[in-house]
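# Remarks on the overall topology
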Amino acid sequence: MPETQWMIGGAIALVAVFCIAFLLGIVYRKRVAEREISSAEEEAKKIINEAIRSAESKKREALLEAKEEIHKNRAEHEREVKERRAELTKLERRLQQKEENLDKKTDNLERKTEHLNRKIAEADAQREEIALIKKSQLEMLEKISGYTVEEAKAYLISSLESEVTHEMAVKLKELEAQCREEADSRAREVIATAIQRCAADHASEVTVSVVPLPNDEMKGRIIGREGRNIRSIETLTGCDLIIDDTPEAITVSSFDPVRREVARLALEKLIADGRIHPARIEEMVAKAQREVASIIKEEGERAAFETNIHSLNPEILRLLGRMKYRTSYGQNVLNHSIEVAHIAGLLASELGVDVAVAKRAGLLHDLGKAVDHEVEGSHATIGADIARKYKEAPEIVHAIEAHHGDVEAQTVIACLVQAADTISAARPGARRENIENYVKRLEKLETLTRSFPGIAGCYAIQAGREIRIMVKPEDVDEDHMILLARDIAKKIEEELTYPGQIKVHVVRETKAIEYAK
């Protein structure tokens, strides 16, 4: 019991001590805080006073600067105002001067206008007077000359027309003579050189082939029992076999040279083999067709090799080979194409043009003739389409298309191919035509010539190479002769188709006959 009381008393004493210490700490902190607050207030007062003094000093400085700026701006403004006033004064003076000048010019213009009006009035009066004088003079001239104005104009125009026609004919004649002098020698030299360097043989081909037989007994075997062998051959080849009284020979007839060649080869093989019956005939015809196809390919390659032309499409080579079995006016088309290629190349070398392109165009110019009749169009157009299809150069295509004048030649190569084609066709013996077509061409040439006025008579001579024309001297004078010859030649070029060239010879003869009595 006494211990417990001691413990409680001690705890109370500790609490009392703690409370006293706490109260003393609070009192101490309060005094420290009061001292700090008083020192802070004094510091704040000092700062405020310093700030007030600094603000007043800056205020005074700002006021001084503002006053100086205002003074400076005012001085500058006054200076600008003075300058503008001076400029305005100058502008006013200048405007016054311009107004004075304008007034002077206006006065001058008014005076000049009045002067011009007077001049115009005087000119009108003079014009009327001149018109009256001209009218009186024309009336006087009409009385003196006996012509009216329209009659005089017609007379002058007719006189001028005759003079101009004469001068034009003389000038045309001079130009033609000059062109001939300058061009004939060079053209003859170039063409002659090309022809001499490319000499070719010519052989005419017909539409029949003759197959020799070892004996006449073979004819019966080829005909076969009841004609079965000959019918089989004609059906397979598309050719007609003509077995007549000709000894030891059979004639193969066909418009298609390829079919005719197949039939000829097949017959030769059958005759050599001796076994002639429909099955063997079919076998030999198939073998002959393969041989002809091989020959066609070889001929196309030979033509390309002979002309030294490379990189041709295989289909073009095949078409070239087919031309071996085509003829034009009796001239072999493949040999003609090879010759044209050589001549075109020689002409190109003489003129400094690309020889390879000229030879390529010359070789391919008749490519359209290798195509059968089922393709419509002229051979020049067909050949150009084929060359275009197989990616030939545009200038090659143009030369093919233009070599017969269907399209106007626009390149030197096209002109060279035209010339080479004409040279090859015009060689003696190169081409032939039947008598009927020949007579029709001559008649058409004479009929066309007679269509011109003033023709007394015309005659085609030298196998159609020259047309000789007799004109009426009272209708055609010497000046119009030259123009008439040119017009006839131009119409012949436009309407006729012919190899080489035609000479137009116009003859005018005036005779005076009188009798002495």
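### Some details on helix H7 (residues 314-322)
All buried positions along H7 are accounted for by Ile-316, Leu-317, Leu-319, Leu-320, Gly-321 and Arg-322. Residues of H7 that are buried sit in contact with helix H6 (278-306), helix H8 (333-351), helix H9 (355-364) and helix H10 (379-389). If you check the start of H7, you find a side-chain oxygen 2.9 Å away from the backbone N of Glu-315, and it comes from Asn-313.

### Re H9
Most of H9 is tucked away, with eight of its ten residues classed as buried. Within the span of H9, buried status applies to Val-357, Ala-358, Lys-359, Arg-360, Ala-361, Gly-362, Leu-363 and Leu-364. Looking at where H9 begins, the residue whose side-chain oxygen comes 3.1 Å from the main-chain nitrogen of Ala-356 is Asp-354.

### As for the packing of H6 against H7
It is at 7 Å that the axes of H6 and H7 come closest, and there the two elements cross at 100°. When the interaxial angle is binned, H6 and H7 end up roughly perpendicular. For the pair formed by H6 and H7, the contact residues are Ile-296, Glu-299, Gly-300, Glu-301 and Ala-304 on the first element and Leu-317, Arg-318, Leu-320, Gly-321 and Arg-322 on the second.

### Concerning the sheet that holds strand E7 (residues 466-471)
Reading across from one edge, E6-E7-E8 is the order of the three strands in this open sheet, with mixed pairing throughout. Both outer strands of the open sheet, strand E6 (455-461) and strand E8 (503-508), are each paired with one neighbouring strand and no more. The average undirected angle you get between the axes of adjacent strands in this sheet is 20°. Sheet topology note: the E7/E8 ladder contains six bridges and is parallel. Along E8, the bridge assignment pairs Val-471 with Arg-508.

### Some remarks on the packing of aromatic side chains
Evaluation of the coordinates by the stated rule reveals zero aromatic pairs. When the ring centre of Phe-452 is taken as origin, the NZ or CZ atom of Lys-491, which lies over that ring, is 5.3 Å away.

### Observations concerning the pattern of salt bridges
Applying the stated criterion to the full structure yields 17 salt bridges. Two residues, Glu-261 and Arg-264, come together in a salt bridge whose shortest N-O distance is 2.7 Å. With Glu-261 and Arg-264 both in helix H5 (residues 257-273) and three residues apart, this pair spans about one turn of that helix. The shortest N-O distance in the salt bridge between Arg-275 and Asp-273 comes to 2.9 Å. Its relative accessible area of 47% is what places Arg-275 among the partly exposed residues. The class for Asp-273 is partly exposed, based on a relative accessible area of 28%. Sharing partners across several salt bridges, the network here consists of Asp-273, Arg-275, Arg-280 and Glu-283.

### What about a nonpolar patch on the surface?
A cluster of nonpolar side chains, contributed by Phe-18, Phe-22, Leu-23 and Ile-26, occupies part of the molecular surface with about 430 Å² of accessible area. Within the secondary structure layout, Leu-23 lies in helix H1 (residues 2-145).

### A closer look at the confidence of the model for the protein chain
When pLDDT drops low, the exact placement of atoms in the prediction is not to be read closely. Across the protein chain, the average pLDDT comes to 81, with 87% of residues at 70 or higher. Between residues 199-206, whose pLDDT stays under 50, and residues either more than four places distant or in other chains, the model counts 18 contacts.

How each quantity is defined
Residues numbered from 1 in each chain as written. Predicted model: local features only at pLDDT ≥ 70, side-chain atom pairs only at ≥ 80, totals over all residues. Heavy atoms only, no water. Buried < 20%, exposed > 50% of the residue type's maximum accessible area, 1.4 Å probe, protein only. Helix = DSSP H or I, 4+ residues; strand = E, 2+ residues; numbered from the N terminus. Contact = heavy atoms within 4.5 Å. Polar contact = N/O pair within 3.5 Å; in protein donor to acceptor, adjacent residues only side chain to side chain. Axes fitted to C-alpha atoms, helices over the stretch in contact; angles between N-to-C directions. Parallel < 35°, antiparallel > 145°, perpendicular 65-115°, else oblique. Pairing = 2+ DSSP bridges. Phe/Tyr/Trp six-rings, centres within 6.5 Å; stacked < 30°, edge-to-face > 60°. Lys NZ or Arg CZ within 6 Å of the ring centre and 35° of its normal. Salt bridge = Lys/Arg side-chain N within 4 Å of Asp/Glu carboxyl O. Patch = residues over 30% accessible without salt bridge, like charges linked within 9 Å, V, L, I, M, F, W, Y side chains within 5 Å. Areas by Shrake-Rupley, 256 points an atom, 1.4 Å probe, with all protein chains shown as cover. pLDDT = per-residue confidence, 0-100.

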